[in-house]
Amino acid sequence: MLLETDIQTLEDLRIFGKRDQSGIFEIYNKTRTRGGENLLRDLFRQPSADQKTIADRIAIFRYFSEQKIAFPFDPAMFDLCEKYIRNRSVSTGASSTGLGEKDIQNGVTAIIKFLNGLRSFMDTEIITKAKVYGELRASICSILDDLVFEPVFREHRDGKVAFSAVAAYDLLFRTKIYANIESLLNHMYLLDVYLAVAEIARERKFAFPTVHEKGSKVLRIEGLYHPELERPVTNTVAMEGPMSLTLLTGANMAGKSTFLRSIGTAVYLAHIGFPVAAKSMDFAVMDGIYTTINLPDNLGIGASHFYAEVLRVKKIATELGKGKSLFIIFDELFRGTNVKDAHEATVEVAGGFARKDTSRFIISSHIVEAAEQLSLINGVDFWYLPTKMDGAKPVYTYKLENGVTNDRHGMLIIQNEGILDILKNGKKKLQVQQLKKTI
C-alpha cells in the first residue's frame, strides 16, 4: 500500500534534484552500488501507507545505525557480477555471445566471491543477532542453503576457480540458478540502502520517527528543520487530536515557504521509513500527501494561476470525499485572484478542510483578516513567523510562534532596496547619493 502523491508535490519538496539544484535524494544517497542507488530512488518514489512496512524499515535503519556496520563488499565486484549475470546468452563452451572468454571467467569468479562473502557476512554475530533483520536473513540463507551452491562453498572458499570448471559454473549461474543469484544481488542492494541511510542518520543526527496507526490524529515533531540548511533554526510543531488545520502567517521573507518544505519533507520521508531532520517525530500514517508551494500556470489548457489553484483544490476535495486521510500544504492559497475573493475562498475552503479531522492541513496566507472567522471553527489553530525591527531593517527569527501576525514589510523592503529612487533618479544618481551619505 503506497502513499499517494504527485509530481507537483515531488517538485515542491525538491525530492529529486535538477540540473542546477540538488534534492533530498542526494542527501540520503550514500549507496555503494548502482543497484543500491536505483533501489533507493525507487523507495523515494514509493513512500508507504502501511504502518508495519514503515515500522519494520525504521527498526532496521535504527539497528544498523547503532551498530555502525560498513558495507561488507567491494562495490567494483558488483559491477562485474552485473555485467556477467545480465547477459543471458549462454553456450555450452567457454564462450558466450556478448561476453568474451575473459569476461566469463571474471564474471564466474566475481559471483563465487560474492556468494562466499555473503555467506560469511550472514554468519557474523552482528547479523545473526539482528532480530529486525531476521526475516531478510532467513530469506537469504534459504537460498544459500540450496544444495546447488554446495560446491561453491566447499571447493572455492578463496574465490579461485580452475579454467576447466568455468564453463560448468557459467552454465549453472546464468541458466539453472540465475533467479537465485538475482534475488541475492537484490538483497545486497537493499542492504546497501539500509547501511547507507543508517550512516546518514548517524552522521547528521537525524531522528527515527515513531509511526502510529492511520486515523490516530498524531503529528508531533520536535526540533524540526530542513535537511539542506547548514545552520538551521529548529521548530517544534504539534497537530494532534481535533486540531486538523493550521493557518500560518508571517511577512515576506519570514521563512514560511522554507518551514512548509521542512514539515512536508519530514512527513514524506517518514512514510518511507527514513530518519528525518528533527530531534524526534511521531506521526499517524496517512493515505496521501499533496503540497502546493510553487504552482505553475497551466498554459497547456489556457489556465490562469487562479484556475490552476482551483483545480488543485478540487483534486484534493475529491480525494477527501473518498474518506482518505491526507496531509495537505497550501502556500498562499488563492494568491492568483483579488484580495476579496481570496479572503472569502480561503475561509470557506479552510473551514471545509477543518472538518476532515483525520487529515492535516497547513495553509499559509497574508490575509490575516481570515483568521478572525476561522477562529470560530473547531479544529483550527494559528502559527506565525515573526519579524523584529532593527531600526528600518526587518530581522527574521524563523522561530515559530502561536497566534497570528499582520506583519507586512513589502514596501519597506522595496524602499530599502532603493527601487523607487532608481525609478525616480536613475541608478547612477542613487549611487552618488549613497556615496555622499557614507562620507
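Numbering of residues begins from 1 in every chain and follows the order in which that chain's sequence is written. Only residues with pLDDT of 70 or above have their local features reported here, since the model is predicted, and side-chain atom pairs are shown and tallied only from 80 upward, although totals for entire chains, interfaces and linings are computed over all residues. To obtain the side-chain values, all non-hydrogen atoms of the structure were included, while hydrogens and water were left out.

K.L.:
Hey, could you go over the overall build of the chain for me, with residue numbers and the actual values?
P.N.:
Secondary structure elements follow DSSP: runs of H or I no shorter than four residues count as helices, runs of E no shorter than two count as strands, and numbering proceeds from the N terminus. From N to C terminus, the chain includes 18 helices and 12 strands. The proportion of buried residues among the 439 residues of the chain is 49%. Using a 1.4 Å probe, the Shrake-Rupley method yields the accessible areas, and only the shown protein chains count as cover for residues. Accessible area of the chain: about 21400 Å², with a carbon and sulfur share of 51%. A 1.4 Å probe rolled over the protein chains alone gives each residue an accessible area, and that area as a share of the maximum for its type sets the label: buried under 20%, exposed over 50%, partly exposed in between.

K.L.:
Describe the sheet that holds strand β6 (residues 288-292), and please don't skip the residues or the numbers.
P.N.:
Sheets are built from strands that pair by backbone hydrogen bonding, the pairs being arranged parallel or antiparallel. The sheet built from six strands is open, its strands ordered β6-β7-β8-β4-β9-β12 with mixed pairing. At either margin of the open sheet sits one strand with a lone partner, and together these are β6 and β12 (401-402). With two bridges connecting them, strand β9 (residues 380-385) and β12 associate as antiparallel partners. Paired with Trp383 across the strands is Asn402, a residue of β12. Residues count as neighbours in contact if any of their non-hydrogen atoms are within 4.5 Å of one another. In this analysis, axes come from line fits to C-alpha atoms, helices being fitted only over the stretch in contact, and the angle between any two N-to-C directions falls in the range 0 to 180 degrees. Strands in contact with helix α12 (residues 256-270) are β4 (245-250), β6, β7 (326-331), β8 (360-364) and β9; relative to β7, the strand with the most contacts, it is inclined by about 165°. Following DSSP output, two strands are said to pair if at least two bridges run between them.

K.L.:
Can you tell me about the pairing of strand β3 (residues 235-238), naming the residues and giving the values?
P.N.:
A one-sided burial pattern is seen for β3, the buried positions being Asn235 and Val237 and the unburied ones Thr236 and Ala238. The pairing of strand β2 (residues 219-224) with β3 spans three bridges and is classified as antiparallel. Looking at β3, one finds that Ile221 is bridged to Val237.

K.L.:
Give me the pairing of β7: which residues, what numbers.
P.N.:
When you tally the buried positions in β7, you get six out of six residues, the bulk of the element. Alternating residues of β7 divide into Leu326, Ile328 and Phe330 and Phe327, Ile329 and Asp331, and every residue in both groups is buried.

K.L.:
Please set out the pattern of salt bridges residue by residue, giving values where relevant.
P.N.:
For salt bridges, the criterion is a side-chain nitrogen of Lys or Arg within 4 Å of an Asp or Glu carboxyl oxygen. For the structure shown, the criterion picks out 25 salt bridges. Between Arg154 and Glu150 there is a salt bridge, with the nearest N and O atoms lying 3.2 Å from each other. You can see Arg154 and its partner Glu150 sitting in helix α9 (residues 150-155), four residues apart, about one turn around the helix. Judged by relative accessible area, Arg154 falls into the partly exposed class, the value being 47%.

K.L.:
So what's going on with the sheet that holds β3? Residues and values would help.
P.N.:
Pairing is mixed in the open sheet, where four strands are placed in the order β1-β5-β2-β3. A single partner strand is all that each edge strand has here, and the edge strands are β1 (210-212) and β3. Going across the sheet, the axis of each strand differs from the next one's by a mean of 15°, ignoring polarity. Here β1 pairs with strand β5 (residues 280-284) via three bridges, running parallel. Bridging across to β5, His212 finds its partner in Ala284. Most of the contacts of α12 go to β2, to which it runs at about 120°, and overall it touches β2, β3 and β5.

K.L.:
Describe the side chain of Thr249, naming the residues involved and giving the relevant values.
P.N.:
Relative to the helices and strands, Thr249 resides in strand β4. In this structure Thr249 comes out as buried when scored by relative accessible area, which is 0%. Aside from chain neighbours lying at most four places away, what touches Thr249 is Lys256, Ser365, Val368, Trp383, Tyr384, Leu385, Gly403, Val404 and Thr405.

K.L.:
Can you break down the environment of Leu385 residue by residue, with the values?
P.N.:
Assignment of secondary structure puts Leu385 in strand β9. Sequence-wise, Leu385 and Asn252 are 133 residues apart; in three dimensions their C-alpha atoms are separated by 10.0 Å. Here Leu385 is in contact with Thr249, Gly250, Ala251, Ala254, Gly255, Lys256, Phe259, Tyr398, Lys399, Leu400 and Thr405, once residues within four sequence places are set aside.

K.L.:
I'd love a proper account of the environment of Ile363, names of residues and values included.
P.N.:
Counting through the fold element by element, Ile363 comes out in strand β8. A C-alpha to C-alpha distance of 6.7 Å links Ile363 and Leu333, two positions 30 residues apart in sequence. Residues in contact with Ile363, not counting those within four places in the same chain, are Leu245, Thr246, Leu247, Leu248, Phe330, Leu333, Ala350 and Phe353.

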